[in-house]
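Letter by letter, the chains look like this.
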Amino acid sequence: MLSRSSFTSLVVGVFALYVAHTCWVMYGIVYTRPCPAAADGAAGGCVWPYLARRPKLQLSVYTTTRSSIGAESNIDLVLNVEDFDIESKFERTVNVSVPKKTRNNGTLYAFVFLHHAGILPWHDGKQVHIVSPLTTYMVPKPEEINLLTGESATQQIEAEKQTNALDEPVSHWRSRLTLNVMVEDFVFDGSSLPADVHRYMKMVQLGKTVHYLPILFIDQLSNRVKDLMVINRSTTELPLTVSYDKISLGKLRFWIHMQDAVYSLQQFGFSEKDADEVKGIFVDTNLYFLALTFFVAAFHLLFDFLAFKNDISFWKKKRSMIGMSTKAVLWRCFSTVVIFLFLWDEQTSLLVLIPAGIGAVIELWKVKKALKMTIRWQGLRPKFQFGAYNDSEKKTEEYDAQAMKYLSYLLYPLCIGGACYSLLNVKYKSWYSWLINSFVNGVYAFGFLFMLPQLFVNYKMKSVAHLPWKAFTYKAFNTFIDDIFAFIITMPTSHRLACFRDDVVFLVYLYQRWLYPVDKSRVNEYGESYEEKLKKKSS
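Residues numbered from 1 in each chain as written. Predicted model: local features only at pLDDT ≥ 70, side-chain atom pairs only at ≥ 80, totals over all residues. Heavy atoms only, no water.

Comments concerning the overall build of the chain
Put simply, the test is: Numbering of helices and strands starts at the N terminus; helices are DSSP runs of H or I of at least 4 residues and strands are runs of E of at least 2. Partly exposed residues are those whose accessible area sits between 20% and 50% of the maximum for their type, while under 20% is buried and over 50% is exposed, using a 1.4 Å probe and protein chains only. Note on contacts: a residue pair qualifies if any of its non-hydrogen atoms lie within 4.5 Å across the two residues.
Summing up its helical and strand segments, the chain has 15 helices and 17 strands in all. Counting all 539 residues of the chain, 45% fall into the buried class. Pairs at least 24 residues apart make up 78% of the contacts formed inside the chain by residues separated by at least 6 positions.

Next up, the structure:
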């Protein structure tokens, strides 16, 4: 059977291999091997860029309700750039007519053509095109109202919103269309074309050489939830912002892989909003900072795992609550469950929600251990039994109760006052939403005060030997990593501020660790002292 240290070493080793493999895969994506024959001027086996001939190009964007077109019938031209320069960046906003079929929860497609200037796309044998839906289906955000007066956030409520169920997906308009063209004069090796780029390539034979036409790409990662607009039946026109920028081959391959990853997440059940959080990490972040974020996220996962492992190991072996604040454990369980319900109610990203749910389950199990609770079933009815405390544990409980008494004078009025203020001045989706928000605001704003009883118990006992320091160490690392993620992943502002609040608490714990040196006569986290262990060994 593996010991704890060897298991931890195994996990760290697997983690290191994972990081090294990921770096190798990323290098393979960003770097593409050019055709070796191109260096000698030979054409055999190479695929040459058509853009090297510097043709005069035209960009045309059409809309239609069909996913494929064979001629120019039943399509609308919404943008035409006659003298298209692939090196010049631009952004233009046009108004698009919305057909009746689209207004009735139908789909509208954008066909983007890159073709020779002065020739219609369907008459040009060397044109390239790409298709993208301008609509998507998503459940609209529930309307928020003042729970006392019934006043809506918007004074006029459309009849359609009253008839539609809140959980019924409706058609939304994608107000942005981001286009890219790969501008590098890169010569590919025809025998080893990258599979990711190959599906965007169109080949033509010019004399004895094979050329690939301009690689046109639509950046779907730039389609964010914040840019979506609900399509109403009365809407006849909607704005569309078409932006263009050139793109390198390395970034193009990386972006293709990221889009495929987001698509895979949606196939696994991620909603449009969940996928949008992942998009935001790539789109709103500098690529170099994104690489740093990857390594930070990898270490966060490692420390999360090790913290959970050591925390569970600590509580699994714990036989005594000497020096441990029971009320702090209860509060931590309550606050963790409330935060999980709040994040669920706010439809927060699964990147944040899943770890919060796992933490809530662990905290519930720790409460069972702290209260020495056993559950016996009498048929279908559970019966709860609680163990007795010894004299040393009762002394700890006295310190715990004394600390909570002082805190209650400050904490309860603040929480009740904050809940009343929000009821009068803030709009919510429902009474449940107000209740959860009131609880979680109390947890975020004043929750760190409930960590003070443990600090007070440490002060009275002049010892910190009873605390799970391994788990604390990993959680401390993760707390500082959370400070970085607070600015990268979309989350409620109160949750973001709570990340910085925890920094202060860990610093105080570290100060107490330094202030109270190890006393070998005191009990450790498993209810044993170093001297007791020596007596057992000698006997």
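Considering the sheet that holds strand β2 (residues 57-64)
Adjacent strands of a sheet form backbone hydrogen bonds with each other and so pair up, either parallel or antiparallel. Heads up, the condition is: When DSSP locates at least two bridges between a pair of strands, those strands are taken to pair. Only C-alpha atoms enter the line fits that serve as axes; for helices the fit covers just the stretch in contact. Angles between N-to-C directions range over 0 to 180 degrees.
The strand order β3-β2-β5-β6 describes an open sheet built from four strands, whose pairing is antiparallel. Single-partner strands in this sheet number two, and they are β3 (76-84) and β6 (128-133). Direction aside, neighbouring strands of the sheet carry axes that sit 15° apart on average. As judged from the six bridges shared by β2 and β3, these two strands associate in the antiparallel manner. Residue pairing across strands places V61 opposite L79, the latter belonging to β3.

Things to note about the state of the cysteines
Our working rule: The rule for a disulfide is simple: a pair of cysteine sulfur atoms within 2.5 Å.
Taken as a whole and judged by the stated rule, the model has one disulfide. In this model, C35 is linked to C46 through a disulfide, with the two sulfur atoms separated by 2.0 Å. Residues C35 and C46 are joined through a disulfide that is left-handed, its torsion about the S-S bond being -70°. Placement of C35 in the loop between α1 (4-30) and β1 (46-49) and of C46 in strand β1 is noted, with a sequence separation of eleven residues between them. C46 shares its class with C35; the two are buried.

A few points about the UniProt feature "transmembrane region" (unreviewed entry) in the chain
For clarity, the cut-off: UniProt positions are given in the numbering used here, feature names are shortened, and annotations may be inferred rather than shown by experiment.
In the UniProt entry, the feature "transmembrane region" (unreviewed entry) is given for residues 287-308, 329-344, 350-367, 406-424 and 430-452. Secondary structure content for residues 329-344 is 100% helix and 0% strand, while the C-alpha to C-alpha distance between its ends is 23 Å. Here residues 406-424 runs as 100% helix and 0% strand, with 29 Å between its end C-alpha atoms.

Overview of the sheet that holds strand β13 (residues 216-218)
Strand order in this open sheet of four strands is β4-β15-β9-β13, and the pairing throughout is mixed. Edge strands, defined here as strands with exactly one partner in the open sheet, are β4 (90-97) and β13. Across this sheet, the average inter-strand angle for adjacent strands is 25°, counted without regard to direction. Strands in contact with helix α5 (residues 249-267) are β9 (176-182), β13 and β15 (237-247); relative to β13, the strand with the most contacts, it is inclined by about 40°.

Examining the pattern of salt bridges
To be explicit about the condition: Between Lys or Arg on one side and Asp or Glu on the other, a salt bridge is scored when a side-chain nitrogen of the former is within 4 Å of a carboxyl oxygen of the latter.
Inspection of every chain in the model, using the stated rule, returns seven salt bridges. In this structure, E87 and K246 form a salt bridge, with 3.0 Å as the shortest nitrogen-oxygen distance. Of the two residues, E87 is situated in the loop between β3 and β4 and K246 in strand β15; the sequence distance between them amounts to 159 residues. With its nearest N and O atoms 3.1 Å apart, the salt bridge here joins D196 to R253. Here D196, found in helix α4 (residues 195-198), pairs with R253, found in helix α5; they are 57 residues apart in sequence, far enough to count as distant. Take D196 and R253: they sit in the same class, and that class is buried.

Structural notes on the packing of aromatic side chains
Geometry of an aromatic ring pair is reported as the spacing of the ring centres plus the angle between the planes. Here is the rule we go by: Between 30 and 60 degrees the pair is tilted, below 30 it is stacked and above 60 it is edge-to-face, where a pair is any two Phe, Tyr or Trp rings, Trp via its six-membered ring, whose centres lie within 6.5 Å. In our convention, an over-ring charge means Lys NZ or Arg CZ found within 6 Å of a ring centre and within 35 degrees of that ring's normal.
Per the stated rule, a full pass over the model turns up 14 aromatic pairs. Note that R92 overlies the ring of F90, its terminal NZ or CZ placed 5.1 Å from the centroid. A cation over a ring is seen here: K251 above W255, with NZ or CZ 5.3 Å from the ring centre.

Re the pairing of strand β5 (residues 109-116)
Each regular strand shows side chains that alternate between the opposite faces of the sheet. Within β5, seven of the eight residues are buried, leaving the element largely enclosed by the surrounding structure. With six bridges connecting them, β5 and β6 associate as antiparallel partners. Each residue of the ladder has a partner; that of A110, found in β6, is S132.

Quick notes on the environment of A419
Relative to the assigned elements, A419 resides in helix α10 (residues 391-425). Not counting residues within four places of it along the chain, the set of residues in contact with A419 comprises W434 and S438.

Overview of the nonpolar core
Where we set the bar: To qualify as a nonpolar core, a set must consist of buried Ala, Val, Leu, Ile, Met, Phe, Trp, Tyr and Cys residues joined through side-chain atoms within 4.5 Å.
In terms of nonpolar packing, the biggest core is built from 36 residues, with F84, V112 and L177 touching the most fellow members. What V112 contacts, discounting residues up to four positions off in sequence, is L59, S60, V61, V128, H129, I130, L177, L179, L216 and I218. The next biggest cluster of nonpolar side chains, apart from the first, holds 24 residues, and it includes F186, F188, L221 and I247.

Things to note about unusual backbone geometry
One non-glycine residue with positive phi stands out, namely R54, at about 55°. Locating R54 in the fold gives a position in the loop between β1 and β2. Accessibility expressed as a relative area gives 58% for R54, which makes it exposed. Non-glycine residue N105 carries a positive phi angle of around 65°. The residue N105 is located in the loop between α2 (100-103) and β5 in this model. The exposure class assigned to N105 is partly exposed, which follows from its relative accessible area of 32%.

As for the environment of D85
Rules: Counted as a polar contact is a pair of N or O atoms within 3.5 Å, where, for protein atoms, one must be capable of donating a hydrogen and the other of accepting one, and residues adjacent in sequence contribute only when both atoms are in side chains.
Looking at the secondary structure, you find D85 in the loop between β3 and β4. With relative accessibility at 39%, the residue D85 sits in the partly exposed group. The spatial distance from the C-alpha of D85 to the C-alpha of K56 is 8.4 Å, given a sequence separation of 29 residues. Of the polar contacts made by the side chain of D85, one reaches the side chain of S88; its length is 2.6 Å.

Focus: the environment of W48
Inspection of the secondary structure assignment puts W48 in strand β1. What makes W48 partly exposed here is its relative accessible area of 22%. Sequence-wise, W48 and F186 are 138 residues apart; in three dimensions their C-alpha atoms are separated by 7.2 Å.

Section: a nonpolar patch on the surface
For clarity, the threshold we go by: Exposure above 30% relative accessible area and the lack of any salt bridge qualify a residue for a patch; like charges then connect within 9 Å, and the nonpolar side chains Val, Leu, Ile, Met, Phe, Trp and Tyr within 5 Å. Here, Shrake-Rupley sampling with a 1.4 Å probe gives the accessible areas, and only protein chains in the shown set may cover a residue.
Judged by side-chain polarity, F7, L10, V14 and F305 come together as a nonpolar surface patch covering roughly 340 Å² of accessible area. Top element by residues in the nonpolar patch is α1. It accounts for three residues. Following the sequence through the fold, F305 ends up in helix α7 (residues 287-317).

Some details on α10
Test applied: Helix span, expected: 1.5 Å multiplied by one less than the number of residues in the helix. Take the seven residues that end at a residue and the seven that start at it, fit an axis to each, and the angle between those axes is the bend at that residue.
Here α10 is 35 residues long and its end C-alpha atoms lie 50 Å apart, about the 51 Å a rise of 1.5 Å per residue gives. Within α10, the axis deviates most sharply at S408, by approximately 45°.

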